[in-house]
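Reading the structure
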Amino acid sequence: MSSPDNNVQLSRLQRVRRAFSSTSAFHQALILKSSTSILINEDLAPTPPIRQRWTVWSFFAYWWSESWNVSTWSVGAAIITLGATVRDALLVVLFANLLSAVVIVLNGRAAARYHIGYPVLSRSSFGIYGQYFVVVLRSILGIIWGGVQLYFEGQFISICLRCIFPGWARIQNTIPASQHITTQEMIGFFLAFCFTIPFLFIHTSKITHLFSVKSVIMPAAGLGIVIWATSENGGVSSDNLIDSSARTSTAVFAWGIISQFNSVMGANSALLVTVPDLARYSKTRNAQLWGQLISLPIGQTLCAAFGVISTSAVLNMWGEAYWNPYALLNGILDHSYSSSARAGVFFASASFAFATLGTSIACNFIPFAADVTCLVPKYINIIRGQFLMLIIAFAIVPWRIVATANGFLNFLGGYSIFQGPVVAIMIIDYFWVRRGNIAMNDLYTRSSWGRYHYFHGFNLRAFVSFVIGFLLPLPGFAASFGYDIGTAAPRMYALGWVLSFLMGALSYFVICLIFKVPGGDGSHPFESRVADAQQIINEGVHLDGEAEKERDLDHAGSTTTKEARSTMV
């Protein structure tokens with residue numbers, strides 16, 4: 001029998017055949033040779049130079065493309081229905097995304113310098129074992145929204161089929177109404193499932209081309225809808241969207257605007273947490289800086305403006321406001337099923353389907369894959385994690401969630417108050433507590449001497465700050481489910497993500513002033529350890545933190561050992 005090392009000489013087909021030859025062979029095929037402990041495998045280790053491929057354009061295209069999605073297109077609706085002007089609505093979107101871009105750049109800096117993703121980076125802030133809590137916290141969101149986005153993608157595919165086949169809408173629906181999905185939507189969902197599969201074979205470091213294509217196609221589709229709507233209407237007619245009677249009072253209007261500002265931040269919250277999983281592939285130290293800082297505010301504001309312009313024109317023509325692009329495209333076919341209308345709607349629907357696919361991969365598949373890589377490093381890497389995500393997205397029957405679980409979707413909408421403190425703690429920990437200095441080996445050791453071991457593997461400072469961060473908006477979060485607990489709580493919840501972020505940052509800052517972080521590098525020059533980390537990455541040194549720590553202790557004298565004990569308590 002040939003040894004397992006001979007697998008590298010076999011073709012892929014031969015390796016597959018060998019894997020299915022027996023139960024033990026299948027198990028061996030699942031094991032990742034790069035996983036030498038529960039803290040490392042090929043995708044948890046620092047990104048090698050060959051995978052550091054994301055340039056300034058890569059990040060620009062990514063965030064520009066992510067700006068063009070269904071929720072951004074529709075975001076002006078909620079703001080304008082408050083009685084705001086179109087200008088006010090777009091300014092809210094602009095400034096919320098400016099703040100988001102700043103947070104994204106700050107949270108991505110450590111990953112771009114040390115080339116490590118969110119699961120590993122969180123070990124420095126929350127502890128070697130504490131990381132699992134924040135990883136699971138993020139993965140829950142990815143699981144649900146991954147399925148929901150797949151369902152939305154299927155709806156746009158269904159419109160494409162309606163454009164091709166005149167009898168598509170008349171197909172008899174044999175699915176019971178209790179299932180909350182039609183035959184057409186189920187076919188679209190299945191096709192969305194199939195179309196997603198090829199993209200999951202692509203590693204995160206190589207998927208930049210997907211976003212480059214999306215960054216061109218989606219704005220073109222949006223511009224096409226705007227041109228059609230304004231030409232058919234003979235103008236924009238944006239004034240007819242404004243309902244000044246919606247303003248009940250100045251206070252209610254102001255808090256409504258604040259709430260919508262927070263909603264934009266909440267919609268971006270998953271991306272704010274996810275960015276280290278992308279920034280780790282940065283080709284240069286500053287590639288993530290300008291690419292992210294510029295494209296997100298401009299892209300989202302422009303997409304929201306297109307949504308406002310199109311909706312106002314259609315409202316003037318048909319007397320109905322189609323804020324959701326899915327409803328708008330179906331509405332166009334309802335009013336005219338001509339060849340030109342079908343061609344235009346087909347291109348727009350295909351573009352939105354592709355855009356939804358890209359958004360789901362960026363916001364759900366990539367983060368979830370990184371998370372499960374951390375949770376089960378012996379068996380799962382990024383590629384396998386993405387396929388696992390697809391299976392779960394199908395299994396949760398997302399159409400039932402969308403149709404029946406309004407309270408659950410409301411919960412997901414308020415989920416950002418739990419993510420705000422996490423981002424805040426990681427930023428304060430990196431920039432202020434550690435002054436940009438991370439000990440690479442200690443991120444990969446379970447030894448009690450590791451500087452990120454803290455208290456039995458948990459940084460209690462971070463967890464206390466996390467709880468303080470979401471406590472103030474939490475009563476308002478409960479009120480959003482219909483509980484009457486006064487006016488103060490809903491207003492604090494209107495500040496949601498912003499309040500939780502600020503409280504998390506401030507509390508962690510104060511706690512670390514009182515209870516010093518063990519092994520901190522406050523006295524070292526800013527990011528002085530980056531060069532050491534880069535040398536480890538460039539030389540391909542195998543990270544074995546436990547062996548490194550034990551070797552240091554073996555060579556240390558009794559005095560040094562006592563000092564080490566005192567600093568690591």
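Values in this document were obtained by computation on a predicted structure and should not be read as measured data.

**What to know about the overall build of the protein chain**
Along the protein chain, the regular secondary structure elements total 25 helices and 0 strands. Burial status across the protein chain gives 53% buried among its 569 residues. Counting contacts in the protein chain only where the partners sit at least 6 residues apart, residues at least 24 apart contribute 84% of the total.

**Thoughts on helix H15 (residues 382-395)**
Helix length check: H15, at 14 residues, gives a terminal C-alpha distance of 20 Å against a target of 20 Å (1.5 Å per residue), a fit within 8%. Within the span of H15, buried status applies to Ile 382, Gly 385, Gln 386, Met 389, Leu 390 and Ala 393. Looking straight down H15, one finds its buried side chains confined to an arc of 145 degrees; they lie on one side. Residues of H15 that are exposed and point more than 90 degrees away from the buried face comprise Ile 391 and Ala 395. Phi for Val 397, located one or two positions after H15, is positive at around 40 degrees.

**Quick look at the side chain of Asp 43**
Among the secondary structure elements, Asp 43 is positioned in the loop between helix H2 (23-30) and helix H3 (56-67). Within polar-contact distance, the side chain of Asp 43 engages the side chain of Arg 51 at 3.1 Å. Leave out the neighbours within four places in its chain, and Asp 43 touches Arg 51, His 203, Arg 280, Thr 373, Asn 381 and Ile 382.

**Regarding the environment of Ile 144**
With respect to the helices and strands, the residue Ile 144 is situated in helix H7 (residues 131-164). Sequence separation between Ile 144 and Ala 393 is 249 residues, and the spatial gap between their C-alpha atoms is 7.1 Å.

**A few points about unusual backbone geometry**
Of note, His 115 is a non-glycine position whose phi angle comes to about 55 degrees, a positive value. Positive phi is not limited to glycine here, since Glu 527 has a value of about 55 degrees. Residue Glu 527 is classed as buried on the basis of its relative accessible area of 11%.

**Structural notes on the nonpolar core**
Ranked by internal contacts, the top residues of the largest apolar core, which has 134 residues, are Leu 329 and Met 440. At 16 residues, the largest contribution of residues to this core is made by helix H14 (residues 339-375).

**Considerations on the packing of aromatic side chains**
In total, this model carries 30 aromatic pairs according to the counting rule given. With 5.3 Å between their ring centres and 15 degrees between their planes, Phe 156 and Phe 352 make a pair best called stacked. Within this pair, whereas Phe 156 is found in helix H7, its partner Phe 352 is found in helix H14, the two being separated by 196 residues in sequence. Judged on exposure class, the residue Phe 156 and its partner Phe 352 are both buried.

**A look at the pattern of salt bridges**
Scanning the entire structure with this criterion turns up 10 salt bridges. Between Lys 214 and Glu 66 there is a salt bridge, with the nearest N and O atoms lying 3.0 Å from each other. One end of the pair, Lys 214, is in helix H9 (residues 208-233); the other, Glu 66, is in helix H3, and 148 residues separate them in sequence. The burial state of Lys 214 is the same as that of Glu 66; both residues are buried. Residues joined in a network through salt bridges with shared partners are Arg 109, Arg 113 and Glu 527.

**Concerning the side chain of Gln 419**
As for its placement among the helices and strands, Gln 419 is situated in helix H18 (residues 416-433). Taking the relative accessible area as the measure of exposure, Gln 419 reaches 2% and is therefore buried. The residues contacting Gln 419, other than those within four sequence positions of it, are Arg 138, Leu 141, Ser 269, Ala 270 and Val 273.

**Considering the environment of Ile 428**
Note that Ile 428 resides in helix H18. For Ile 428 and Leu 506, which are 78 residues apart along the polypeptide, the C-alpha to C-alpha distance reads 8.7 Å. Leaving out residues up to four positions away in the same chain, Ile 428 has contacts with Val 433, Ala 505, Tyr 508 and Phe 509.

**Points about a nonpolar patch on the surface**
Taken together, the side chains of Trp 432, Leu 506, Val 510, Leu 513, Ile 514 and Phe 515 make up a nonpolar region of the molecular surface, amounting to roughly 580 Å² of accessible area. The leading source of residues in the nonpolar patch is helix H22 (residues 496-514), at 4 residues. Here Leu 513 lies in helix H22.

**Describing the environment of Ser 231**
Considering the arrangement of structural elements, one finds Ser 231 in helix H9. Residue Ser 231 is classed as exposed on the basis of its relative accessible area, which comes to 51%. Sequence separation between Ser 231 and Ala 313 is 82 residues, and the spatial gap between their C-alpha atoms is 9.0 Å. A polar contact is formed between the side chain of Ser 231 and the backbone oxygen of Trp 228, at a distance of 2.9 Å.

**Some details on the confidence of the model for the protein chain**
Across the protein chain, the average pLDDT comes to 84, with 86% of residues at 70 or higher. Note on residues 1-8: pLDDT is under 50 here. Beyond four places in sequence and across chains, it has 6 contacts. Contacts of residues 545-569 to residues separated by more than four positions or lying in other chains number 27 contacts, the stretch itself having pLDDT below 50.

Calculation rules
Residues numbered from 1 in each chain as written. Predicted model: local features only at pLDDT ≥ 70, side-chain atom pairs only at ≥ 80, totals over all residues. Heavy atoms only, no water. Helix = DSSP H or I, 4+ residues; strand = E, 2+ residues; numbered from the N terminus. Buried < 20%, exposed > 50% of the residue type's maximum accessible area, 1.4 Å probe, protein only. Contact = heavy atoms within 4.5 Å. Expected span 1.5 Å × (residues − 1). Arc of directions from axis to C-beta. Polar contact = N/O pair within 3.5 Å; in protein donor to acceptor, adjacent residues only side chain to side chain. Core = buried A, V, L, I, M, F, W, Y, C linked by side-chain atoms within 4.5 Å. Phe/Tyr/Trp six-rings, centres within 6.5 Å; stacked < 30°, edge-to-face > 60°. Salt bridge = Lys/Arg side-chain N within 4 Å of Asp/Glu carboxyl O. Patch = residues over 30% accessible without salt bridge, like charges linked within 9 Å, V, L, I, M, F, W, Y side chains within 5 Å. Areas by Shrake-Rupley, 256 points an atom, 1.4 Å probe, with all protein chains shown as cover. pLDDT = per-residue confidence, 0-100.

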